[in-house]
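Structural characterization, general
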Amino acid sequence: MIEYRNLKIALLGAGSVGSRVAQLLLEHGDELASRVGAGLELVGIAVRDVDAERDVSLPKELFTTDAESLILSADIVIELMGGIEPARSYILEALNSGADVVTGNKALLALHGTELFAAAEQVGAQLYYEAAAGGAIPIIRPLRDSLAGDRVKRILGIVNGTTNFILDRMDVDGDTLEGALATATALGYAEADPTADIEGYDAAQKAAILARLAFHSEVPVGAVHREGITSVTAEQVERARRAGYVVKLLAICERVVDPVTGEEGISARVHPALVSRLHPLAAVHGAKNAVFVEAEAAGDLMFYGAGAGGLETASAVLGDLVSAARRHVAGGPGVGESFTAYLPVVDIGKVQTRYQITLEVVDATGVLATIAGIFSDHDVSVETLEQSSATGRTPASSATAATGAAHTGAAHTGVAAHGEQASDHITATLVIVTHRASEQALAATVASLAGNTAVARVTSVMRVEGA
Ligand code: NDP
Ligand code: HSE
């Protein structure tokens, strides 16, 4: 039997993830020790309530409410409490005491990453966070290490399992958003308060973390453009299906070039988008996550798996723990993050993508020419146009799009007809897909369409991504 020196491990939190980390660490300690070349001794678990029922049975004597003393006794601290405070203060204390830190706390990293990485660098410690984006999926280390010699062009991520589950139910079963959310809640995918998931906050935090790594630049979470899925309708999902698309909530991190100045910047955004059914992301079903990376030299890569779950996420945490322990054994300072590119995050209005616009128009001579003229006037090029006939009840005067995205009008749905006197018209439905255009140009186009008497309704505006 080989005798190893012991590294002392402190665990903060024993909830869904923390309890599984403790369980695996206790069960597989010997195996991990042989991989690391040192014993990994779990010296304590800090929680709020030492008597609370746990998902797994763990030795009572490990539990404490005195997180501060526990931190000071450890070589490596694993933070799995979540939230901003006291997690932030505990991580700073751990780093300042020379301990390496492993965390899965995306909210904290998205908000205070700059401060925490700087603190780690200052003392030569290291902060590991594989679980903070994509749960069990290895994506942080590939971006940070494997692709460090390449140039990432774009990341398209399905990074929120709850919303992917909901949109998948709407697509596969024809469910409504409300029905699919109720199922997600019943099955335990959605929290009692699902706001962070369905409004895109969780995905925006992960987008900030991924963009920062991919483009070696600071990306404040507040600079990530965010739209959730709450206005995605069953009709949009069905229309997307008929047109060969699927609706996904995407976290998009993209290297962009200003067409006028030629300067590079970053677009970081979260919103629902149409994805071709031929794209690998279209095959990501249920609550699964996937991150599709387009790199200049490597080409296209996709990382797929469980984005959440106690046991699954514990795998990523333990991987980080092994890395941290190996570093302790080898000695030397931690490897700092490289945030040296200083690329600015550009305003959503400057971002270019493709769009699908659905209109109800008056079915009369010259209307198509009018619509085409509006696109042309705003320098937005039409890629495809499909017309189908329908008889509708439309306002006598024109109607306006009442879309959600302030800058662009390119949010998901919504039309507010504003005619005082509705009347029966023969209408046609137009589904127009554009070539790439700026959000600004698209917003101006949609506003002009909505204000034109030939247009009865702007039924839906959705971005088309991944082509
Ligand atoms: P839980 O809410 O299940 O568990 C949190 C744990 O932290 C509990 O044991 C709680 O103690 C303890 N805790 C909370 N506040 C304090 C405090 N002030 N002092 C001491 N202990 C405290 O969280 P999860 O396990 O779900 O998540 C942990 C982290 O992992 C979060 O940052 C989350 O974002 C991240 N993550 C989670 C994933 C998942 O699938 N759950 C996936 C990817 C990342 P007590 O039990 O006594 O209340
Ligand atoms: N609420 C998140 C999700 C958990 O649904 O993906 C993982 O961050």
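Computed from a predicted structure; not experimentally measured.

**Brief notes about the site of ligand 2**
Every residue lining ligand 2 is accounted for by Lys106, Asn160, Gly161, Thr162, Asp197, Asp202, Lys206, Gly307 and Ala308. Contacts to ligand 2 include Gly161, whose backbone N or O atom sits 2.7 Å from an oxygen atom. Thr162 is positioned such that a nitrogen or oxygen atom in its side chain is 2.6 Å from an oxygen atom of ligand 2. Here ligand 2 loses 84% of its free accessible area of 260 Å² to cover by the protein chains. Listing elements by their share of the shell around ligand 2, those giving two or more residues are α7 (161–173) and α10 (201–215). When the residues that make up the shell around ligand 2 are grouped by side-chain class, the tally is 1 nonpolar, 4 polar and 4 charged.

**Digging into helix α13 (residues 367–377)**
Residues Val367, Ile371, Ile374 and Phe375 constitute the buried set of α13. All buried residues of α13 project into a common sector of 95 degrees when viewed along the axis, lining one side. For α13, the exposed residues set more than 90 degrees away from the buried face come down to Ala369, Ser376 and Asp377. The first or second residue beyond α13 is Asp379, which carries a positive phi of 60 degrees.

**Some points on the packing of aromatic side chains**
Taken as a whole, this structure holds 3 aromatic pairs when the rule is applied. Measuring from centroid to centroid gives 5.7 Å for Phe117 and Phe339, while their planes differ by 65 degrees, and the two rings are edge-to-face. You can see Phe117 sitting in helix α5 (residues 106–123) and its partner Phe339 sitting in the loop between α12 (310–330) and β13 (352–362), a full 222 residues away along the chain. Both residues of the pair, Phe117 and Phe339, belong to the buried class.

**Things to note about the side chain of Asn289**
With respect to the element layout, Asn289 can be found in strand β11 (residues 288–295). Excluding residues within four positions of it along the chain, Asn289 makes contact with Gly134, Ile137, Ile158, Val159, Asn160, Gly161, Val284, Phe303, Tyr304, Gly305 and Gly307.

**Thoughts on the UniProt feature "binding site: NADP(+)" (unreviewed entry) in the chain**
Per the UniProt record, "binding site: NADP(+)" (unreviewed entry) is annotated on Leu12, Gly13, Ala14, Gly15, Ser16, Val17, Gly18 and Ser19. A residue is classified by how much of its surface remains accessible, and Leu12, at 0% relative accessible area, is buried. Aside from chain neighbours lying at most four places away, what touches Leu12 is Ala46, Ala67, Leu70, Ile71, Val77, Ile78, Glu79, Leu80, Met81 and Tyr90.

**Focus: the domain arrangement of the chain**
By domain assignment, the chain separates into domain 1 (7–136 + 311–330), domain 2 (140–307) and domain 3 (351–465). Taken residue by residue, the interface counts 22 residues in domain 2 and 20 residues in domain 3. Of the roughly 1,700 Å² buried between domain 2 and domain 3 on both sides combined, carbon and sulfur atoms contribute 53%. Looking only at domain 2, the three residues that lose the most surface to domain 3 are Gln236, Arg239 and Leu274, adding up to 34% of its buried area. Linking domain 2 with domain 3 are 3 salt bridges, by the criterion used here. As a salt-bridge pair, Arg269 and Glu465 come within 2.8 Å of each other at their nearest N and O atoms. Counting the contacts that link domain 2 with domain 3 gives 5 residue pairs in polar contact (both at pLDDT 80 or more). Sorting the residues of the side of domain 2 that touches domain 3 by element identifies α11 (234–242), β9 (245–257) and β10 (264–276) as the ones contributing at least two each. Among the elements that make up the side of domain 2 that touches domain 3, the one with the highest residue count is β10 (7 residues). Each residue belonging to the side of domain 2 that touches domain 3 can be placed in one class, and the counts come to 10 nonpolar, 7 polar and 5 charged.

**Notes on helix α2 (residues 29–36)**
An α-helical segment advances 3.6 residues per turn. Residues three or four places apart therefore align on the same side. The complete set of buried residues in α2 reads Gly29, Leu32, Ala33 and Val36. Buried residues of α2 fall within an arc of 105 degrees about the axis and therefore sit on the same side. The secondary structure elements touched by the buried residues of α2 are α1 (16–27), β2 (39–46) and α12. Phi for Gly37, located one or two positions after α2, is positive at around 90 degrees.

About the criteria used
Residues numbered from 1 in each chain as written. Chains lettered and ligands numbered in written order. Predicted model: local features only at pLDDT ≥ 70, side-chain atom pairs only at ≥ 80, totals over all residues. Heavy atoms only, no water. Near = heavy atom within 4 Å. Polar contact = N/O pair within 3.5 Å; in protein donor to acceptor, adjacent residues only side chain to side chain. Areas by Shrake-Rupley, 256 points an atom, 1.4 Å probe, with all protein chains shown as cover. Helix = DSSP H or I, 4+ residues; strand = E, 2+ residues; numbered from the N terminus. Nonpolar A, V, L, I, M, F, W, Y, C, P; charged D, E, K, R; others polar. Buried < 20%, exposed > 50% of the residue type's maximum accessible area, 1.4 Å probe, protein only. Arc of directions from axis to C-beta. Phe/Tyr/Trp six-rings, centres within 6.5 Å; stacked < 30°, edge-to-face > 60°. Contact = heavy atoms within 4.5 Å. UniProt positions renumbered as here; feature names shortened; annotations may be inferred. Domains from an automatic or database assignment. Buried area = accessible area lost by both parts, 1.4 Å probe. Salt bridge = Lys/Arg side-chain N within 4 Å of Asp/Glu carboxyl O.

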